[in-house]
Amino acid sequence: MTAPHIQTERIKLVPQTLEEVRARVEGMAANQKAELSSEWLAQLQAATVDLWTLGFAIVHRADDTVIGACGFKGPPGTDGIVEIAYGVAPDYQGHGYATEAAEALVAYAFNSGQVRVVRAHTFSEASASTRVLTKCGFQAVGEVIDPEDGLVWRWERQHDLTA
């Protein structure tokens, strides 16, 4: 069964297949592979992968061009927390596509009924990603040490159950 696309005003998030994701990882340079979480790579090798692990291609609806990728860093934990990640190709940055993708991921997570908090991490400096998260209603909640990235800022958005 094919998972449905998630559509916003200007983009659609197209679920990736296990084969597509594995091929993309295999095609990466060694330095790119080194940036991937060992936990996520282990999930990718497991037989029980899903949209929480495989993620989405960000496709520009006007010309059906893949302009980036986004997704979750794994399924929601028993604590109801899930982490998002996103990236947009340089030619498409600065036009709000990352914000649109992040909002779509948040909506998907909260609508799943499994998530009470969506989390994201950024490098510990103001950046395009910190602006995206601020626009999406995330709050900076502190600094943490990420095993792969070192000191990062943690951002969270709570599920508003009254909405």
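Since the model is a prediction, treat every value here as computed from it, not as a measurement.

## Let's talk about the nonpolar core
Ranked by size, the top nonpolar core spans 31 residues in total, and within it Leu13, Ile84, Val118 and Phe138 carry the most contacts. Listed by contribution, the elements that provide at least two residues to this core are β2 (11-15), α4 (51-54), β3 (56-60), β4 (65-72), β5 (81-88), α5 (97-111), β6 (117-123) and α6 (128-135). Broken down by element, this core gets its largest block of residues, 9 residues, from α5. In contact with Phe138, not counting residues within four places along its chain, are Ile84, Val106, Val118, Arg119, Ala120, Leu133, Trp155, Glu156 and Arg157. Val21, Val25, Trp40 and Leu44 belong to the second-largest nonpolar core, a separate cluster that totals 6 residues.

## Describing the pattern of salt bridges
Inspection of every chain in the model, using the stated rule, returns 5 salt bridges. With its nearest N and O atoms 2.8 Å apart, the salt bridge here joins Arg10 to Glu100. With Arg10 in the loop between β1 (6-7) and β2 and Glu100 in helix α5, the pair connects residues that are 90 residues apart, well separated along the chain. Taking the relative accessible area as the measure of exposure, Arg10 reaches 27% and is therefore partly exposed. By relative accessible area, which is 14% here, Glu100 ends up buried. Measuring nitrogen to oxygen at the nearest pair gives 3.2 Å for the salt bridge that ties Asp64 to Lys12. Of the two residues, Asp64 is situated in the loop between β3 and β4 and Lys12 in strand β2; the sequence distance between them amounts to 52 residues. Taking the relative accessible area as the measure of exposure, Lys12 reaches 19% and is therefore buried.

## So, the packing of helix α1 (residues 18-26) against helix α3 (residues 38-45)
Packing of α1 against α3 brings their axes to within 11 Å, and their N-to-C directions diverge by 135 degrees. Taken together, the axis directions place α1 and α3 in an arrangement best described as oblique. At the point where α1 passes α3, the crossing takes the left-handed sense. Judged by residue contacts, Leu18, Val21, Arg22 and Val25 of α1 engage Trp40, Leu41, Leu44 and Gln45 from α3. In terms of residue class, the contact of α1 with α3 is made up of 6 nonpolar, 1 polar and 1 charged.

## Observations concerning the pairing of β4
As paired strands, β3 and β4 are joined by 5 bridges and run antiparallel to one another. Each bridged residue has a counterpart across the sheet, and for Ile58 the counterpart in β4 is Gly68. Linkage of β3 to β4, two consecutive antiparallel strands, is achieved through a turn of 4 residues, within which Asp64 is found at a positive phi near 55 degrees.

## Quick word on the sheet that holds strand β7 (residues 139-146)
Strand order in the open sheet formed by 8 strands is β1-β2-β3-β4-β5-β6-β8-β7, with mixed pairing between adjacent strands. In this open sheet, the two strands that pair with only one neighbour each are β1 and β7. In the packing of α5 onto the sheet, the strands contacted are β1, β2, β3, β4, β5, β6 and β8 (150-158), and the crossing angle to β5 comes to about 155 degrees.

Calculation criteria
Residues numbered from 1 in each chain as written. Predicted model: local features only at pLDDT ≥ 70, side-chain atom pairs only at ≥ 80, totals over all residues. Heavy atoms only, no water. Core = buried A, V, L, I, M, F, W, Y, C linked by side-chain atoms within 4.5 Å. Buried < 20%, exposed > 50% of the residue type's maximum accessible area, 1.4 Å probe, protein only. Helix = DSSP H or I, 4+ residues; strand = E, 2+ residues; numbered from the N terminus. Contact = heavy atoms within 4.5 Å. Salt bridge = Lys/Arg side-chain N within 4 Å of Asp/Glu carboxyl O. Axes fitted to C-alpha atoms, helices over the stretch in contact; angles between N-to-C directions. Parallel < 35°, antiparallel > 145°, perpendicular 65-115°, else oblique. Left-handed = near helix turned anticlockwise from the far one by under 90°. Nonpolar A, V, L, I, M, F, W, Y, C, P; charged D, E, K, R; others polar. Pairing = 2+ DSSP bridges.

As far as function goes, none of this settles anything; it's purely spatial.
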